[in-house]
Amino acid sequence: MIAIILFALLLIAGGGYFAMNVNKIRQNILLGREIDRTDNKKERWKTMLLVAFGQKKMFQRPIPAILHFCLYAAFVITQIELIEIIVDGLSGEHRIFRDSLGGFYTFMVSFIEVLSVLAFVATFIFLLRRNVLKIPRFNMKEMAGWAKMDGNIILFAELLLVCFIFMMNGADEALYNQGASHYNTGESGSFGLTISQFIGPALFGGMDPHTLHIIERIGWWGHIIMVFGFLNYLPFSKHFHILLAFPNTYYSNLEKKGKFTNMEAVKKEVELMMDPTADPFAAPAPEEGEVQRFGAKDVTDLTWKNLLDSYTCTECGRCTSSCPANQTGKLLSPRKIMMDTRDRLEEVGNNIRKHGKDHDDGKSLLRDYISEEELWACTSCNACVQECPVNIDPLSIIVDLRRYLVMEESKAPSELTTMFTNIENNGAPWQFSQADRLNWKDEQ
């Protein structure tokens, strides 16, 4: 009974704390501007199934894709065993589904063990890639400190979790061989799990039943504590993408890459100027709702989808490793853009909860987190958008921050300033009038 009470308290505390932190993240995301991503539901479901569930874009790089798939498959399938552990914990039973499922139960647990071994191997290789081979995209300057530690913490936790699984199953297998299992005391013989039927006798075969029961319980409790610890670590980690990848890909931008959004107020003015029937002396239509800033200076000027992108970022660095600006030594890193956006959003959200929605800390995403040099290094090529395995769009944030610089502060590199002037005066980027545009055809 004490074990049931302790488990119930762990379940309530772990689930409650996770729900509280998820709600904070939801509140932060909703600080963003509204944007409609409810159209074309069929295409959105297809995108989510292919990109998030099917890992389609991961396989553009086969080796890490296969390793990641081992972890992904193990994570998804082991949730079946987790259901049984929760039911066992609340009921005080042991392997409660074994009798009703029979041979299928043994098959499923054995399958989970095989996936766990593959996940263990993949995790070990990922640790080597990060810390021994030092793959360049994992060792850029934005990955120093907490970002690097975060990746290692979760990988070590995964190794420990697999060890607890085999401690639990291996000790149970050894107990079953001795006829002393929790499940069926008095009946001896192999339990039949694919991996544990070898690991159990090899590691625990010579131990007495009392010691084996203790080891099995350590494995069982260690497993579930690691699961709840992992669950509550997610909201503070880049690994929250495990959950957010699905809504983020569903709400992907389905427009053609390279098609930029228009600000509605500016679009209306341009349409009026180009409409020969419009009255030039008519009073402008009143703005509906709150006046929108031109571009974005802080996270609250971005859309909720931009903010969802920032929390979904896996920090894998595929965007940065494919960025031509970064490859030529410029300051821009699309991954850093997303990390900075998330860090600033966390700061703004915490300030609002602590001081109220009107609190101003005197800081902003532009300049305090992301410099002008980074923004103007971007070539708008969409390589970062193409490479992201969960359809994050760093370019839309960069463009909105540049819009603010140009339209609100009239700040742009001299090359662009000259082009803007020529477009205004000549209707083209070049320094000659419209009447001279076709002079080139007369040149011999």
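Here goes a summary of the coordinates provided. Keep in mind it's a predicted model, so treat the numbers as computed, not measured.

## A word on the overall build of the protein chain
The number of helices and strands found in the protein chain is 19 helices and zero strands. Against the compact-globule benchmark of 22 Å for 444 residues, the protein chain has a radius of gyration of 28 Å, which places it well outside the compact range. Taken along its principal axes, the extent of the C-alpha atoms in the protein chain is 100 × 55 × 40 Å. Relative to its 444 residues, the protein chain shows a buried fraction of 43%. A fraction of 76% describes how many contacts in the protein chain between residues 6 or more apart in sequence connect residues 24 or more apart.

## Focus on the packing of aromatic side chains
Scanning the model with the defined rule gives 13 aromatic pairs in all. Pairing Phe7 with Trp220 gives two aromatic rings, centres 5.6 Å apart and planes at 45°, and the pair type is tilted. Taken together, the residues Phe7 in helix α1 (residues 2-29) and Trp220 in helix α8 (residues 209-233) connect sequence positions 213 residues apart. Judged by its relative accessible area of 0%, Phe7 falls in the buried class. Trp220 sits in the buried class, given a relative accessible area of 5%. When the centroid spacing of 6.2 Å and the interplanar angle of 50° are considered together, the rings of Phe69 and Tyr72 count as tilted. You can see Phe69 and its partner Tyr72 sitting in helix α3 (residues 62-91), three residues apart, about one turn around the helix. Taking relative accessible area as the criterion, Phe69 reaches 39% and is therefore assigned partly exposed. What links up through ring pairs into an aromatic cluster is the set Trp45, Tyr250, Tyr251 and Trp304. The side chain of Arg130 reaches across the aromatic face of Phe138, ending 4.5 Å from its centre.

## What about the pattern of salt bridges?
For the structure on display, the rule yields 20 salt bridges. Where salt bridges share partners, they join Asp298, Arg344, Glu347, Asp361 and Lys363 into one cluster.

## Some details on helix α11 (residues 304-312)
For α11, the buried fraction is high: nine of the nine residues fall into the buried class. Buried within α11 are the following residues: Trp304, Lys305, Asn306, Leu307, Leu308, Asp309, Ser310, Tyr311 and Thr312.

## Things to note about helix α2 (residues 41-53)
Taken as a whole, α2 has its buried residues at Arg44, Thr47, Met48, Val51 and Ala52. Down the axis of α2, the smallest arc covering the buried residues is 100°, so these residues share one side. Elements in contact with the buried residues of α2: α3 and α9 (241-250). Immediately downstream of α2, the backbone of Gln55 shows phi near 60°, a positive value.

## A short note on unusual backbone geometry
Phi is positive for Asn40, close to 50°, though the residue is something other than glycine. Mapped onto the elements of the fold, Asn40 is located in the loop between α1 and α2. We classify Asn40 as partly exposed; its relative accessible area is 44%. Of note in this structure, Ser410 is not a glycine but carries a positive phi near 55°. Within the secondary structure, Ser410 is located in the loop between α18 (394-407) and α19 (414-426). Residue class for Ser410 comes out exposed when judged on its relative accessible area of 66%.

## Looking at a nonpolar patch on the surface
On the surface, Met1, Ile2, Ile5, Leu6 and Leu9 cluster together to form a nonpolar patch covering roughly 570 Å² of accessible area. Locating Leu6 in the fold gives a position in helix α1.

## Focus on the environment of Tyr404
For Tyr404, the position within the fold is in helix α18. Sequence-wise, Tyr404 and Ile135 are 269 residues apart; in three dimensions their C-alpha atoms are separated by 36 Å. Non-local contacts of Tyr404, meaning those with residues more than four positions away in its chain, are made with Arg293, Phe294, Gly295, Ala296, Lys297, Leu366 and Glu409.

## A few points about the environment of Gly349
Tracing the backbone through its elements, the reader meets Gly349 in helix α14 (residues 334-355). Taking the C-alpha atoms as reference, Gly349 lies 7.6 Å from Gln27; in sequence the two are 322 residues apart. Apart from residues lying up to four places away in sequence, Gly349 is in contact with Asn28 and Leu31.

## Digging into the side chain of Asp298
With respect to the element layout, Asp298 can be found in the loop between α10 (264-274) and α11. Only 2.8 Å separates the side chain of Asp298 from the side chain of Arg344, close enough to count as a polar contact. Among all residues touching Asp298, those that are not within four sequence positions of it are Arg344, Val348, Lys363, Ser364 and Leu365.

What counts and what doesn't
- Residues numbered from 1 in each chain as written.
- Predicted model: local features only at pLDDT ≥ 70, side-chain atom pairs only at ≥ 80, totals over all residues.
- Heavy atoms only, no water.
- Helix = DSSP H or I, 4+ residues; strand = E, 2+ residues; numbered from the N terminus.
- Rg over C-alpha atoms; globule rule 2.2 N^0.38 Å.
- Buried < 20%, exposed > 50% of the residue type's maximum accessible area, 1.4 Å probe, protein only.
- Contact = heavy atoms within 4.5 Å.
- Phe/Tyr/Trp six-rings, centres within 6.5 Å; stacked < 30°, edge-to-face > 60°.
- Lys NZ or Arg CZ within 6 Å of the ring centre and 35° of its normal.
- Salt bridge = Lys/Arg side-chain N within 4 Å of Asp/Glu carboxyl O.
- Arc of directions from axis to C-beta.
- Patch = residues over 30% accessible without salt bridge, like charges linked within 9 Å, V, L, I, M, F, W, Y side chains within 5 Å.
- Areas by Shrake-Rupley, 256 points an atom, 1.4 Å probe, with all protein chains shown as cover.
- Polar contact = N/O pair within 3.5 Å; in protein donor to acceptor, adjacent residues only side chain to side chain.

Any functional reading would require information that these geometric values do not contain.
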